[in-house]
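Chain residues, written in single-letter form:
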Amino acid sequence: MRTTIGYTLESIGYVIGAQGLVSFVSQTFFGTEWGWMHKLVDLPSTAYLGILAVGLALIVGGVKTRKTPQQQKVA
């Protein structure tokens, strides 16, 4: 079960982190709205860096909760 939770957290983290990065870059450098995050909330561009940090934290948390494969003993 931990393996599934780790992969799930990691997958959600990738999506959230990517949306935070895309939204920050699009507002800061191009002055437009990319991705779907702006359809949910209207945030300043620096707040999207916080969303990127949350995504990275979920990725790290997902990687750390994965179970390491057990090594089999050779008879």
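Note on numbering: residues in each chain are counted from 1, in written sequence order. At least 70 in pLDDT is required for a residue's local features to be given in this predicted model, at least 80 for side-chain atom pairs to be given and counted, and no such filter applies to totals for whole chains, interfaces and linings, which use all residues. Excluded from the side-chain calculation are hydrogens and water; included are all heavy atoms of the structure.

Q: Can you help me understand a nonpolar patch on the surface in this one?
A: Note that patches include only residues with greater than 30% relative accessible area and no salt bridge, and the join distances are 9 Å for like charges and 5 Å for nonpolar side chains (Val, Leu, Ile, Met, Phe, Trp, Tyr). Methods summary: accessible areas were calculated by the Shrake-Rupley approach with a probe of 1.4 Å, and residue burial reflects only the protein chains presented. Between Lys or Arg on one side and Asp or Glu on the other, a salt bridge is scored when a side-chain nitrogen of the former is within 4 Å of a carboxyl oxygen of the latter. Side chains of Val15, Trp36, Leu40 and Val41 sit close together on the surface and give an oily, nonpolar patch of about 370 Å² of accessible area. Within the secondary structure, Val15 is located in helix H1 (residues 2-30). Put simply, DSSP H or I for four residues or longer makes a helix, DSSP E for two residues or longer makes a strand, and each gets a number counted from the N terminus.

Q: I'm lost on the environment of Gln27 in this one. Help?
A: Among the structural elements, Gln27 can be located in helix H1. Here the alpha-carbon distance between Gln27 and Thr46, two residues 19 residues apart in the chain, equals 9.4 Å. Any two residues whose heavy atoms approach within 4.5 Å at even a single point are treated as in contact. Apart from residues no more than four positions distant in its own chain, Gln27 is found in contact with Thr32, Glu33, Leu43, Pro44, Ser45 and Tyr48. A distance of 3.0 Å separates a polar atom in the side chain of Gln27 from a polar atom in the side chain of Glu33. Any pair of nitrogen or oxygen atoms within 3.5 Å is treated as a polar contact; in protein, a donor-acceptor pairing is required on top of that, and neighbouring residues in sequence qualify only through side-chain atoms on both sides.

Q: Help me understand helix H3 (residues 45-64) in this model?
A: Over its 20 residues, H3 runs 30 Å from end to end, which matches the ideal 28 Å to within 8%, given 1.5 Å per residue. Each residue is assigned to one of three classes by its accessible area relative to the maximum for its type, calculated with a 1.4 Å probe on protein chains only: buried under 20%, partly exposed between the two thresholds, exposed over 50%. Tyr48, Ile51, Leu52, Gly55, Ile59 and Gly62 are the residues of H3 that are buried. Each buried residue of H3 sits inside an arc of 105° when the element is viewed along its axis, so together they form one side. Of the exposed residues in H3, those oriented more than 90 degrees away from the buried face are Thr46 and Lys64. How far a helix is expected to stretch is found by multiplying one less than its residue total by 1.5 Å. This arc is taken over the directions from the axis of the helix to the C-beta atoms.

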